[in-house]
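# Observations on the three-dimensional arrangement
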Amino acid sequence: MTDTPGPAPTFDEELLTHGFAVGASLGHEPAQQRAGDAERIRAIAAEFAMGFDALAGIDRAVTVFGSARTPPSHPAYALARELGSCLGRAGYSVITGGGPGIMEAANRGAREAGALSVGCNIELPHEQAANPYLDIQLRFRHFFARKVMFLRYASGVVICPGGYGTMDELFELLTLIQTGTIRHFPVVLLGDGEWDELLQWLRRHALADGRIGPHDLELLQRTSDPQQACAIVDAHLPRQREHARAVLRRARA
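These remarks concern the structure in this document. None of these values were measured; they are calculated from a predicted model.

### Focus: the side chain of T96
- On the secondary structure map, T96 appears in strand β2 (residues 93-96).
- Of the polar contacts made by the side chain of T96, one reaches the side chain of N107; its length is 2.6 Å.
- Contacts of T96, omitting those with residues within four sequence positions, involve V64, M103, A106, N107, V118, G119, C120 and F150.

Below is the structure:
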(Lines give C-alpha, C1' and ligand atoms only; values in the text may rest on other atoms or scores of the structure.)
Protein backbone atom coordinates (compact mmCIF):
# COMPACT_ATOMS: atom_id res chain seq x y z
CA MET A 1 0.00 0.00 0.00
CA THR A 2 1.41 3.40 -0.97
CA ASP A 3 0.57 6.90 0.21
CA THR A 4 -1.76 8.93 -1.97
CA PRO A 5 0.21 11.72 -3.65
CA GLY A 6 -0.42 15.02 -1.93
CA PRO A 7 0.98 18.52 -1.67
CA ALA A 8 4.69 19.07 -1.18
CA PRO A 9 5.68 18.83 2.50
CA THR A 10 6.02 22.05 4.46
CA PHE A 11 9.32 22.92 6.16
CA ASP A 12 7.87 22.00 9.56
CA GLU A 13 6.51 18.68 8.29
CA GLU A 14 9.89 17.73 6.87
CA LEU A 15 11.71 18.87 10.02
CA LEU A 16 9.47 16.92 12.40
CA THR A 17 9.43 13.75 10.27
CA HIS A 18 13.15 13.12 10.88
CA GLY A 19 12.64 10.66 13.73
CA PHE A 20 10.24 8.55 11.66
CA ALA A 21 12.66 8.58 8.73
CA VAL A 22 15.54 7.32 10.89
CA GLY A 23 13.35 4.70 12.52
CA ALA A 24 12.25 3.47 9.13
CA SER A 25 15.86 3.26 7.86
CA LEU A 26 15.25 5.50 4.89
CA GLY A 27 18.92 5.87 4.10
CA HIS A 28 19.79 9.21 5.71
CA GLU A 29 23.55 9.21 6.17
CA PRO A 30 24.83 11.24 9.17
CA ALA A 31 26.87 13.60 6.97
CA GLN A 32 23.90 14.14 4.68
CA GLN A 33 21.65 14.78 7.67
CA ARG A 34 24.08 17.31 9.18
CA ALA A 35 24.31 19.19 5.90
CA GLY A 36 20.55 19.31 5.63
CA ASP A 37 20.23 20.52 9.21
CA ALA A 38 22.79 23.27 8.59
CA GLU A 39 20.72 24.47 5.66
CA ARG A 40 17.58 24.41 7.82
CA ILE A 41 19.31 26.51 10.48
CA ARG A 42 20.21 29.12 7.86
CA ALA A 43 16.62 29.14 6.59
CA ILE A 44 15.27 29.55 10.14
CA ALA A 45 17.68 32.40 10.86
CA ALA A 46 16.66 34.11 7.62
CA GLU A 47 13.00 33.78 8.56
CA PHE A 48 13.57 35.44 11.94
CA ALA A 49 15.59 38.20 10.27
CA MET A 50 12.79 38.80 7.77
CA GLY A 51 10.22 39.15 10.54
CA PHE A 52 12.39 41.35 12.74
CA ASP A 53 13.18 43.67 9.84
CA ALA A 54 9.56 44.01 8.72
CA LEU A 55 8.12 44.67 12.19
CA ALA A 56 10.94 46.66 13.81
CA GLY A 57 9.08 49.96 13.44
CA ILE A 58 6.03 48.89 15.43
CA ASP A 59 5.74 50.93 18.63
CA ARG A 60 2.87 49.09 20.28
CA ALA A 61 0.51 46.45 19.04
CA VAL A 62 -2.08 43.93 20.10
CA THR A 63 -2.20 40.42 18.68
CA VAL A 64 -5.62 38.94 18.01
CA PHE A 65 -6.16 35.18 17.73
CA GLY A 66 -9.30 33.44 16.50
CA SER A 67 -10.76 30.99 14.03
CA ALA A 68 -10.02 31.15 10.32
CA ARG A 69 -13.38 29.45 9.71
CA THR A 70 -15.65 32.21 11.02
CA PRO A 71 -17.77 33.64 8.16
CA PRO A 72 -18.45 37.38 7.87
CA SER A 73 -22.10 36.76 8.75
CA HIS A 74 -21.19 35.35 12.19
CA PRO A 75 -21.55 37.58 15.28
CA ALA A 76 -17.97 36.75 16.30
CA TYR A 77 -16.72 38.28 13.03
CA ALA A 78 -18.51 41.55 13.82
CA LEU A 79 -17.13 41.48 17.36
CA ALA A 80 -13.54 40.99 16.15
CA ARG A 81 -13.97 43.72 13.54
CA GLU A 82 -15.16 46.11 16.25
CA LEU A 83 -12.22 45.05 18.41
CA GLY A 84 -9.77 45.87 15.60
CA SER A 85 -11.35 49.30 15.22
CA CYS A 86 -11.21 50.00 18.97
CA LEU A 87 -7.57 49.00 19.17
CA GLY A 88 -6.73 51.04 16.09
CA ARG A 89 -8.40 54.17 17.44
CA ALA A 90 -6.47 53.71 20.69
CA GLY A 91 -3.18 53.82 18.79
CA TYR A 92 -2.38 50.11 18.58
CA SER A 93 -1.30 48.21 15.51
CA VAL A 94 -3.18 44.93 15.09
CA ILE A 95 -1.33 41.68 14.42
CA THR A 96 -3.09 38.48 13.35
CA GLY A 97 -2.29 35.26 11.55
CA GLY A 98 -3.20 37.04 8.34
CA GLY A 99 -5.84 34.59 7.17
CA PRO A 100 -9.63 34.70 6.83
CA GLY A 101 -12.31 34.59 9.53
CA ILE A 102 -11.58 36.27 12.84
CA MET A 103 -8.13 37.28 11.61
CA GLU A 104 -9.61 39.07 8.63
CA ALA A 105 -12.19 40.78 10.85
CA ALA A 106 -9.59 42.19 13.25
CA ASN A 107 -7.34 43.35 10.41
CA ARG A 108 -10.33 44.88 8.68
CA GLY A 109 -11.32 46.84 11.76
CA ALA A 110 -7.77 48.10 12.20
CA ARG A 111 -7.59 49.19 8.55
CA GLU A 112 -10.93 51.01 8.86
CA ALA A 113 -9.61 52.88 11.92
CA GLY A 114 -6.47 53.95 10.04
CA ALA A 115 -4.17 51.75 12.14
CA LEU A 116 -1.36 49.50 10.94
CA SER A 117 -2.72 46.05 10.06
CA VAL A 118 -0.24 43.15 10.13
CA GLY A 119 -0.65 39.53 9.07
CA CYS A 120 1.80 36.73 9.84
CA ASN A 121 0.64 33.92 7.58
CA ILE A 122 1.94 30.35 7.61
CA GLU A 123 2.78 27.80 4.94
CA LEU A 124 0.27 24.95 5.24
CA PRO A 125 -0.36 21.80 3.16
CA HIS A 126 -3.63 23.42 2.09
CA GLU A 127 -2.78 27.01 1.31
CA GLN A 128 -4.29 29.65 3.59
CA ALA A 129 -4.86 32.79 1.56
CA ALA A 130 -4.00 36.14 3.10
CA ASN A 131 -6.92 38.43 3.80
CA PRO A 132 -7.18 41.70 1.82
CA TYR A 133 -6.85 44.06 4.81
CA LEU A 134 -3.12 43.86 5.48
CA ASP A 135 -0.58 46.68 5.37
CA ILE A 136 2.28 44.31 6.22
CA GLN A 137 1.97 40.74 4.99
CA LEU A 138 4.53 38.15 6.12
CA ARG A 139 4.61 34.47 5.23
CA PHE A 140 6.38 32.00 7.50
CA ARG A 141 7.46 28.43 6.94
CA HIS A 142 8.00 27.57 10.61
CA PHE A 143 5.31 27.84 13.25
CA PHE A 144 7.81 28.68 15.99
CA ALA A 145 9.25 31.67 14.09
CA ARG A 146 5.76 32.95 13.44
CA LYS A 147 4.81 32.59 17.11
CA VAL A 148 7.75 34.76 18.15
CA MET A 149 6.50 37.55 15.87
CA PHE A 150 3.03 37.34 17.40
CA LEU A 151 4.40 38.17 20.85
CA ARG A 152 7.65 40.09 20.40
CA TYR A 153 5.91 43.25 19.22
CA ALA A 154 2.66 42.90 21.19
CA SER A 155 1.55 44.74 24.32
CA GLY A 156 -1.23 42.22 24.88
CA VAL A 157 -3.28 39.48 23.28
CA VAL A 158 -7.01 39.17 22.73
CA ILE A 159 -8.34 35.64 22.23
CA CYS A 160 -11.50 35.41 20.14
CA PRO A 161 -13.51 32.23 19.55
CA GLY A 162 -11.42 29.66 17.74
CA GLY A 163 -10.35 26.05 17.40
CA TYR A 164 -7.18 24.04 18.01
CA GLY A 165 -4.83 26.72 16.71
CA THR A 166 -6.37 29.38 18.92
CA MET A 167 -6.24 27.09 21.97
CA ASP A 168 -2.59 26.30 21.19
CA GLU A 169 -1.73 29.99 21.16
CA LEU A 170 -3.71 30.62 24.36
CA PHE A 171 -2.09 27.90 26.45
CA GLU A 172 1.41 28.50 25.11
CA LEU A 173 1.00 32.16 26.03
CA LEU A 174 -0.22 31.27 29.52
CA THR A 175 2.80 29.00 29.96
CA LEU A 176 5.16 31.81 29.00
CA ILE A 177 3.51 34.12 31.54
CA GLN A 178 3.34 31.47 34.27
CA THR A 179 7.06 30.74 33.90
CA GLY A 180 8.01 34.43 33.97
CA THR A 181 9.26 34.44 30.39
CA ILE A 182 7.01 37.43 29.71
CA ARG A 183 5.58 39.67 32.41
CA HIS A 184 2.73 42.14 32.92
CA PHE A 185 1.16 40.82 29.73
CA PRO A 186 -2.65 40.97 29.49
CA VAL A 187 -4.57 38.04 28.04
CA VAL A 188 -8.19 38.89 27.27
CA LEU A 189 -10.83 36.30 26.39
CA LEU A 190 -13.42 38.00 24.17
CA GLY A 191 -16.95 36.71 23.77
CA ASP A 192 -20.12 36.42 25.79
CA GLY A 193 -20.33 32.94 27.39
CA GLU A 194 -17.67 31.55 25.04
CA TRP A 195 -15.17 30.67 27.76
CA ASP A 196 -17.35 29.65 30.72
CA GLU A 197 -17.02 25.88 30.37
CA LEU A 198 -13.28 26.02 29.68
CA LEU A 199 -12.71 28.00 32.85
CA GLN A 200 -15.01 25.70 34.81
CA TRP A 201 -12.95 22.72 33.66
CA LEU A 202 -9.73 24.41 34.73
CA ARG A 203 -11.18 25.16 38.16
CA ARG A 204 -12.74 21.73 38.70
CA HIS A 205 -9.79 19.67 37.52
CA ALA A 206 -6.47 21.48 37.05
CA LEU A 207 -6.95 23.84 40.01
CA ALA A 208 -8.67 21.31 42.28
CA ASP A 209 -5.82 18.83 41.78
CA GLY A 210 -3.15 21.47 42.35
CA ARG A 211 -1.85 21.36 38.79
CA ILE A 212 -2.26 25.12 38.60
CA GLY A 213 -2.68 27.74 41.32
CA PRO A 214 -5.47 30.28 41.89
CA HIS A 215 -3.18 33.05 40.62
CA ASP A 216 -2.81 31.18 37.32
CA LEU A 217 -6.51 31.62 36.60
CA GLU A 218 -6.12 35.32 37.35
CA LEU A 219 -3.90 35.58 34.24
CA LEU A 220 -7.10 35.44 32.17
CA GLN A 221 -9.55 38.32 31.91
CA ARG A 222 -12.94 38.01 30.23
CA THR A 223 -15.13 40.54 28.49
CA SER A 224 -17.67 40.74 25.70
CA ASP A 225 -16.93 44.45 25.15
CA PRO A 226 -14.15 45.40 22.69
CA GLN A 227 -13.75 48.77 24.42
CA GLN A 228 -13.09 47.05 27.73
CA ALA A 229 -10.62 44.69 26.07
CA CYS A 230 -8.70 47.74 24.85
CA ALA A 231 -8.87 49.31 28.32
CA ILE A 232 -7.39 46.16 29.88
CA VAL A 233 -4.42 46.34 27.52
CA ASP A 234 -4.00 50.06 28.24
CA ALA A 235 -3.93 49.43 32.00
CA HIS A 236 -0.99 47.02 31.68
CA LEU A 237 1.09 49.14 29.32
CA PRO A 238 2.98 51.43 31.78
CA ARG A 239 4.17 48.58 34.02
CA GLN A 240 4.99 46.43 31.00
CA ARG A 241 7.18 49.13 29.49
CA GLU A 242 8.88 49.80 32.82
CA HIS A 243 9.74 46.11 33.06
CA ALA A 244 10.99 46.07 29.44
CA ARG A 245 13.38 48.94 30.18
CA ALA A 246 14.66 47.12 33.26
CA VAL A 247 15.28 43.95 31.24
CA LEU A 248 17.24 45.89 28.63
CA ARG A 249 19.34 47.57 31.32
CA ARG A 250 20.23 44.20 32.84
CA ALA A 251 21.01 42.75 29.43
CA ARG A 252 23.46 45.59 28.69
CA ALA A 253 25.15 45.50 32.11
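### Thoughts on the packing of aromatic side chains
- Per the stated rule, a full pass over the model turns up two aromatic pairs.
- Ring centres 5.9 Å apart and planes at 40° place the aromatic pair F48 and F52 in the tilted group. Residue F48 and its partner F52 are both found in helix α3 (residues 30-55); the two are separated by four residues, about one turn of the helix.
- Ring centres of F65 and F150 lie 5.0 Å apart, and the angle between their planes is 90°; this geometry places the pair in the edge-to-face category. Taken together, the residues F65 in strand β1 (residues 61-65) and F150 in helix α6 (residues 143-152) connect sequence positions 85 residues apart.
- A residue is classified by how much of its surface remains accessible, and F150, at 1% relative accessible area, is buried.
- Seen from the ring of Y92, R60 lies directly overhead, with NZ or CZ sitting 4.3 Å from the centre.
- The ring of F52 carries R152 above its face, with NZ or CZ at 4.2 Å from the centroid.

### As for helix α4 (residues 75-89)
- Over its 15 residues, α4 extends 21 Å from the first C-alpha to the last, a length consistent with the 21 Å expected when each residue adds 1.5 Å.
- Looking at α4, one finds that the buried residues are A76, Y77, L79, A80, L83, G84, S85, C86, L87 and G88.

### What about the sheet that holds strand β6 (residues 187-190)?
- Strand order in the open sheet formed by seven strands is β4-β3-β2-β1-β5-β6-β7, and the pairing between neighbours is parallel. Lying at the two open borders of the sheet, with one neighbouring strand each, are β4 (136-140) and β7 (220-223). The sheet shows a mean angle of 25° between the axes of neighbouring strands, direction not considered.
- With five bridges connecting them, strand β3 (residues 117-122) and β4 associate as parallel partners. Pairing of G119 across the sheet is with Q137, part of β4.
- The strands touched by helix α10 (residues 226-252) within the sheet are β1, β5 (156-159), β6 and β7, with β7 carrying the most contacts at an inclination of about 150°.

Rules used throughout
Just so you know, the residues in each chain are numbered from 1, in the order the chain's sequence is written. Restriction of local features to residues with pLDDT of at least 70 applies here, the model being predicted, together with a cutoff of 80 or more for giving and counting side-chain atom pairs; totals for whole chains, interfaces and linings are based on all residues. Only hydrogens and water are removed before side-chain values are computed, so all heavy atoms of the structure are retained for them. Here a helix means four or more residues in a row that DSSP labels H or I, a strand means two or more in a row labelled E, and each is numbered from the N terminus. Within 3.5 Å is the distance limit for a polar contact, defined as a pair of N or O atoms, with the added protein rule that one can donate a hydrogen and the other accept it, and that residues adjacent in sequence qualify only through two side-chain atoms. We call two residues in contact whenever any of their non-hydrogen atoms come within 4.5 Å of each other. To pair, rings of Phe, Tyr and Trp, with the six-membered ring standing in for Trp, must have centres within 6.5 Å; the planes then decide the type, stacked if under 30 degrees apart, edge-to-face if over 60, and tilted in the middle. Only protein chains enter the calculation, and the probe is 1.4 Å; a residue is then buried if its accessible area is under 20% of its type maximum, exposed if over 50%, and partly exposed in between. Remark: a charge is flagged as sitting over a ring if the NZ atom of Lys or the CZ atom of Arg is within 6 Å of the ring centre and within 35 degrees of the ring normal. Helix span, as expected, comes to 1.5 Å for every residue beyond the first. Pairing between two strands requires that DSSP report at least two bridges joining them. For helices, the axis comes from a line fit to the C-alpha atoms of the stretch in contact; other axes are also lines fit to C-alpha atoms, and the angle between any two N-to-C directions lies between 0 and 180 degrees.

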